Amino acid sequence: MIEIGLRAPEPEDLEIMLAVENDPGLWEHSSENTGPYTRFQMKQYIAGNTNDIFTDRQLRLMITLTDGRIAGIVDVFDFDVRNNKAEVGIVVLSEFRGMGVGRSAMNKLEEHCFDFLGINQLYSYVRCDNMSGRNLFRSCGFTETAVLKSWLRRGNGYYDVCLYQKIAGR
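Residues numbered from 1 in each chain as written. Predicted model: local features only at pLDDT ≥ 70, side-chain atom pairs only at ≥ 80, totals over all residues. Heavy atoms only, no water.

> So what's going on with the packing of helix 5 (residues 101-116) against helix 6 (residues 131-139)? Residues and values would help.
Contact pair helix 5 / helix 6: the axes reach a minimum separation of 10 Å and the direction vectors enclose 45°. Here helix 5 is positioned oblique relative to helix 6, judged by the angle of their axes. Both helix 5 and helix 6 take part in a crossing whose hand is right-handed. Within the contact between the two elements, helix 5 uses Gly102, Arg103 and Met106 and helix 6 uses Leu136, Phe137 and Ser139. Taken together, the residues of the contact of helix 5 with helix 6 sort by class into three nonpolar, two polar and one charged. (Axes fitted to C-alpha atoms, helices over the stretch in contact; angles between N-to-C directions. Helix = DSSP H or I, 4+ residues; strand = E, 2+ residues; numbered from the N terminus. Parallel < 35°, antiparallel > 145°, perpendicular 65-115°, else oblique. Left-handed = near helix turned anticlockwise from the far one by under 90°. Contact = heavy atoms within 4.5 Å. Nonpolar A, V, L, I, M, F, W, Y, C, P; charged D, E, K, R; others polar.)

> Requested: an account of the sheet that holds strand 2 (residues 59-65), with residues and values cited.
Taken together, the seven strands give an open sheet; going across it, the order is 1-2-3-4-5-7-6, and neighbouring strands pair in mixed fashion. A single partner strand is all that each edge strand has here, and the edge strands are strand 1 (4-7) and strand 6 (143-154). Adjacent strand axes in the sheet meet at a mean angle of 30°, parallel and antiparallel pairs treated alike. Inspection of the sheet shows strand 4 (residues 85-92) paired to strand 5 (residues 121-127) by three bridges, in the parallel sense. Bridge pairing in strand 5 places Lys85 opposite Gln121. Those strands touched by helix 1 (residues 14-21) are strand 2, strand 3 (70-80) and strand 4, and its axis lies near 110° from that of strand 2. (Pairing = 2+ DSSP bridges.)

> Requested: an account of the packing of helix 1 against helix 3 (residues 39-48), with residues and values cited.
At a closest axis distance of 10 Å, the pairing of helix 1 and helix 3 adopts a crossing angle of 115°. The handedness of the crossing between helix 1 and helix 3 is right-handed. On helix 3, the residues that touch Leu14, Glu15, Met17, Leu18 and Glu21 of helix 1 are Arg39, Met42, Lys43, Tyr45 and Ile46. Looking at side-chain class alone, the contact of helix 1 with helix 3 contains six nonpolar, no polar and four charged residues.

Here you go:
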């Protein structure tokens, strides 16, 4: 498995973060984005982020290679303190796909969330036609627990979503 690191976003990551957040192709897989972010908005996010999931209710980490290049971004969001669970999303930049970056990042993220933060459950909604996303979560030990019919609307069409869950210690 490829050696990667996870770290908090830095001001120098602005261009990569904007490229990821403003990629309409990625919006297809999310229910969060409804339009592009401005440079000003992203600078404010980086500056105002405490990188404390208990404060921000989210945790965004840059996936780095050993040579310092950014290979992607992983997010833990919709943190539910009462029920001790959070949603996870990952984007691996196209030039680093198929190298095991996603699996390495998810393994490190799980270790941080389960062992250090004490989160009990991570989950993700993956479009059923996103086979690479589904394969990633399966390879990391997530279980597909449901198919949510017509969950995401894109244009005039609706897409089914697979719910993947992983519970600490299982």
